[in-house]
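# Notes for the structure review
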Amino acid sequence: MSRTIRRKHLLAGLATAGVLGVGIAAPTIAFAADTPTPTPNASTAPAPGAAPGAKADRQNELAEALAKELGVPTDKVTAALKKVREQHRPADRPQRPSAEDRKAALKDRLDQAVKDGKLTQEQADAITKAVEAGVFPGPGGHRGPGGHGAPAGTPGK
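Residues numbered from 1 in each chain as written. Predicted model: local features only at pLDDT ≥ 70, side-chain atom pairs only at ≥ 80, totals over all residues. Heavy atoms only, no water.

### A short note on the overall build of the protein
The line we're drawing: Counting from the N terminus, the helices are DSSP H or I runs at least four residues long and the strands are E runs at least two residues long. Working definition: with a 1.4 Å probe on protein chains only, accessible area under 20% of the residue-type maximum means buried, over 50% means exposed, and in between means partly exposed. Accessible areas in this description were obtained via Shrake-Rupley with a 1.4 Å probe; residue shielding takes into account the shown protein chains only.
Looking only at helices and strands, the protein has five helices and zero strands in total. Its helices and strands in sequence order give the protein the pattern α-α-α-α-α, from N to C terminus. Counting all 157 residues of the protein, 8% fall into the buried class. Carbon and sulfur atoms make up 61% of the accessible area of the protein, which totals about 13,100 Å².

What follows is the structure, encoded as structure tokens:
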């Protein structure tokens, strides 16, 4: 009888080791796999260093293409897209502040940092200039897929 129990323990141990081996190996192989990076096509991808308005430009291009395909006026498609976006916006999600509001909030934060001695006025001016030049694209300096200031294409932190 003890021999049967030992055999069961041995089989259970081997099965556990196999499951753990697969559990460790599968993610490692998945991360190591060379997946081709998708290449954006010229009609949907913003140009390198594109201004924050590039998203609006892409949306306008989409509306124009849909209007042409459906045979309806572009302004009608644009209005329909806007209506659908508003309907699908979560109720608890606040309206995004305008570019002017974000710029004013940044100025207030930089002024406070200068007042608190955390930044010099020259540093605050350099940050403002960098934001205006598009060095920190998107609202709040977020860079697309990476988010939170991470370089585009890297996972969020």
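Anyway, onward from the coordinates.
### A look at the packing of helix 2 (residues 54-70) against helix 3 (residues 74-87)
Think of two packed helices as two axes; the pair is described by the angle between the axes and how far apart they sit. To keep things clear, this is the line we draw: Think of each axis as a best-fit line through the C-alpha atoms, taken over the contacting stretch in the case of a helix, with angles from 0 to 180 degrees between the N-to-C directions. Small angles under 35 degrees read as roughly parallel and large ones over 145 as roughly antiparallel, with 65 to 115 read as roughly perpendicular and the rest as oblique. Should the near helix be turned counterclockwise from the far one by less than a right angle, the crossing is left-handed, whereas a clockwise turn marks it as right-handed. Pairs of residues are marked as contacts when any of their non-hydrogen atoms sit within 4.5 Å.
It is at 8 Å that the axes of helix 2 and helix 3 come closest, and there the two elements cross at 120°. In this view, helix 2 runs oblique relative to helix 3, as classed from their interaxial angle. Between helix 2 and helix 3 lies a crossing whose hand is right-handed. The residues of helix 3 that touch helix 2, namely those facing Q59, A63, E64, L66 and A67, are T74, V77, T78, L81 and R85.

### Some words on the packing of helix 4 (residues 99-115) against helix 5 (residues 121-132)
The criterion, for reference: Each residue is assigned to one class: nonpolar for Ala, Val, Leu, Ile, Met, Phe, Trp, Tyr, Cys and Pro, charged for Asp, Glu, Lys and Arg, and polar for all the others, Gly among them.
For the pair helix 4 and helix 5, the least separation of the axes is 9 Å and the interaxial angle reads 160°. With respect to helix 5, the axis of helix 4 lies roughly antiparallel. Considering only the axes of helix 4 and helix 5, their crossing is right-handed. Taken together, the residues of helix 5 that come into contact with helix 4 (itself represented by K103, L106, L110 and V114) are Q121, A124, I127, T128, V131 and E132. Residues that form the contact of helix 4 with helix 5 fall into these classes: six nonpolar, two polar and two charged.

### Description of helix 4
The condition that has to hold: Helices are assigned an expected span. That span is 1.5 Å times one less than the residue count.
Between its terminal C-alpha atoms helix 4 stretches 24 Å, which fits the 24 Å expected from 17 residues at 1.5 Å a residue. Phi for G117, located one or two positions after helix 4, is positive at around 85°.

### As for a nonpolar patch on the surface
Stated precisely, the cut-off is as follows: Here the term patch refers to residues with relative accessible area over 30% and no salt bridge, with like charges joined within 9 Å and nonpolar side chains (Val, Leu, Ile, Met, Phe, Trp, Tyr) within 5 Å. In the sections that follow, a salt bridge refers to a side-chain nitrogen of Lys or Arg positioned within 4 Å of a carboxyl oxygen of Asp or Glu.
Taken together, the side chains of L62, L66, L70 and V72 present a nonpolar region at the surface, about 330 Å² in accessible area. Relative to the assigned elements, L62 resides in helix 2. By relative accessible area, L62 is classed as partly exposed at 44%.

### Some words on the confidence of the model for the protein
Just so we agree on the cut-off: Per-residue confidence from the predictor is given as pLDDT, running between 0 and 100.
Averaged over every residue, the pLDDT of the protein is 73; the share at 70 or more is 64%. Low pLDDT (under 50) marks residues 40-50, which in the prediction has six contacts with non-local residues, meaning those over four places away or in another chain. Contacts from residues 144-150, a stretch scored under 50 in pLDDT, to residues over four places away or in other chains number 15 contacts.

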